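Each chain, letter by letter, is given below.
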Amino acid sequence: MRTRRIWAAAGMTAAASLVLAGCAGGAGGGDGDQMDLWHNSTTGDGKAFWDEAAAAFEEESGVAINVTSIQNEDLDGKLQTAVNSGDMPDIFLQRGGGKLADMVDAGVVKDLSDSIADDTMEAYGDAAFSAYGIDGGTYAMPMSVLPGGIFYSQDLFAEAGIDAEPTTIDELNDAVDKLKDAGIQPIALGAKDAWPAAHWFYFFALRECDQPTIENLTTEVDFSDECWTTAAEDLQEFADTEPFNEGFLTTPAQEGAGSSAGLVANHQAAMELMGGWDVGVIAGLTPDGEPLADLGWFPFPATDGGAGDPTALMGGVDGFSCAEDAPDACADFLNFLAQLEWQEKYAAAFQSIPASLDAQSAVTDPALEPIMAAYNDAAYVVTWLDTMLGQNVGNALNTGVVEMLAGQGGPEQLVETAAQAAERG
């Protein structure tokens, strides 16, 4: 396994993007016998997992957990409001990167370095924890690794006469043409939520920019390298071929059959660029609520002459943090979740790759196996750019991509928008 992780560096950027009214005082609502948990799985097996885990922990420890499920697109805003008010949930989903760095600066998230059990560290290894490392501290318990790539319908590919997964952008363009000729929408895109559209820019940048240029964003946000503009030009040129579903600018990412994930789940579009969680999202949106039998996956294709390693991946690690003032039982619950039994259950419920190396043998979904193989063989893995950059710069970048795709600006304007946001901090 030759993977070099650079998750840790993603947590070093600390653009002070949260409006911090509350700081650490008042954070964490638990009293030792009761805690609050916020997560982003609102339906199906994922929601059921948290209810089961909370009930099992209460039976074992006597500590009750009030579980609140929040729609993914709403969670960051609600967490920011909680930070502002000083009324944090005890346990909450943590995305890492600049967003975590802001919380650390605000003093509202607990350093778990001395609370993570030795057997947990042994089962996980260092790579997953490095996603949540800042200045020697560890601020979340990883639950799953979620590299991004292109999910696709093998049946629709076969119908269009595509007999191999694209490995270059030219091959992807050929696949798009064949799908159009067959009357199939090539790519589903939930641009209404902005971040799915921005994924396309992120991955073009991953292929065009070399590793140091990507890594350096974590210490100094600098978009002066020509590779950023080249990536934006790549996206503009690709978008001009009209590969995306009809109405993509108003299509949501994950809510309902008409979402981008829903279009793939119901064979209304052939492909979607998304993080590893998409396997579970798509499964929840199929007509029978079961995993999509013909779902395949391939890494984002290589660009012609790009400086990035073609095996490099971008994605995230889903983990959970404790509020600074959460009771000790919060760390106990996170160690409870890290046990092999619960890592395997989490992987099954969310159809994802568990953070625990010991639990990876439980992954049997055919759609996950190529993702896990690519992750283990990647030259390096970086976190999502908007997560790495923090809320203000990340949101500006995401919005800029949508505006470009809507014809409201070009590649140079997109890069300038991101650069200006970085200057404002």
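You'll find the structure just up there.
Along each chain, residues carry numbers from 1 onward, in the same order as the chain's sequence is written. Per-residue local features are limited, in this predicted model, to residues with pLDDT of at least 70; the limit for side-chain atom pairs, both in listing and counting, is 80 or more; totals at the level of whole chains, interfaces and linings are taken over all residues. To obtain the side-chain values, all non-hydrogen atoms of the structure were used and water was disregarded.

(A) The arrangement of the packing of aromatic side chains in detail. Only Phe, Tyr and Trp rings are paired, with Trp represented by its six-membered ring, and only when their centres lie within 6.5 Å; those with planes under 30 degrees apart are stacked, over 60 edge-to-face, the remainder tilted. Under the defined criterion, the tally for this structure stands at 27 aromatic pairs. With centroids separated by 6.0 Å and ring planes inclined at 70°, the aromatic side chains of phenylalanine 203 and tryptophan 384 adopt a geometry described as edge-to-face. On the criterion of sequence distance, the pair formed by phenylalanine 203 in helix 9 (residues 195-208) and tryptophan 384 in the loop between strand 14 (380-383) and helix 17 (385-389) is long-range, its members being 181 residues apart. Accessibility assignment for this pair places phenylalanine 203 and tryptophan 384 in one class, buried. Chaining the aromatic ring pairs together yields one cluster made of Trp195, Trp200, Phe203, Phe204, Phe238, Phe244, Phe248, Trp277, Phe300 and Trp384. Taking the ring centre of tryptophan 342 as reference, the NZ or CZ of lysine 345 above it sits at 4.3 Å. Secondary structure follows DSSP: runs of H or I at least 4 residues long count as helices, runs of E at least 2 residues long count as strands, and numbering of each begins at the N terminus. Each residue gets one of three labels from its accessible area relative to the maximum for its type: buried under 20%, exposed over 50%, partly exposed in between, using a 1.4 Å probe on protein chains only. The criterion for a charge sitting over a ring is simple: Lys NZ or Arg CZ within 6 Å of the ring centre, and within 35 degrees of the ring normal.

(B) View of the pattern of salt bridges. Any carboxyl oxygen of Asp or Glu that lies within 4 Å of a side-chain nitrogen of Lys or Arg is treated as forming a salt bridge with it. Following the criterion strictly, the structure yields five salt bridges and no others. For aspartate 51, the salt bridge is made with lysine 47, and the minimal N-O distance between the two is 3.9 Å. Residue aspartate 51 and its partner lysine 47 are both found in helix 2 (residues 44-61); the two are separated by four residues, about one turn of the helix. By relative accessible area, which is 38% here, aspartate 51 ends up partly exposed. One salt bridge connects aspartate 76 with arginine 95, and the closest N-O pair in it is separated by 2.9 Å. Placement of aspartate 76 in helix 3 (residues 72-85) and of arginine 95 in the loop between strand 4 (91-94) and helix 4 (97-106) is noted, with a sequence separation of 19 residues between them. Shared partners join several salt bridges into a network, and the residues in it are Glu52, Glu341 and Lys345.

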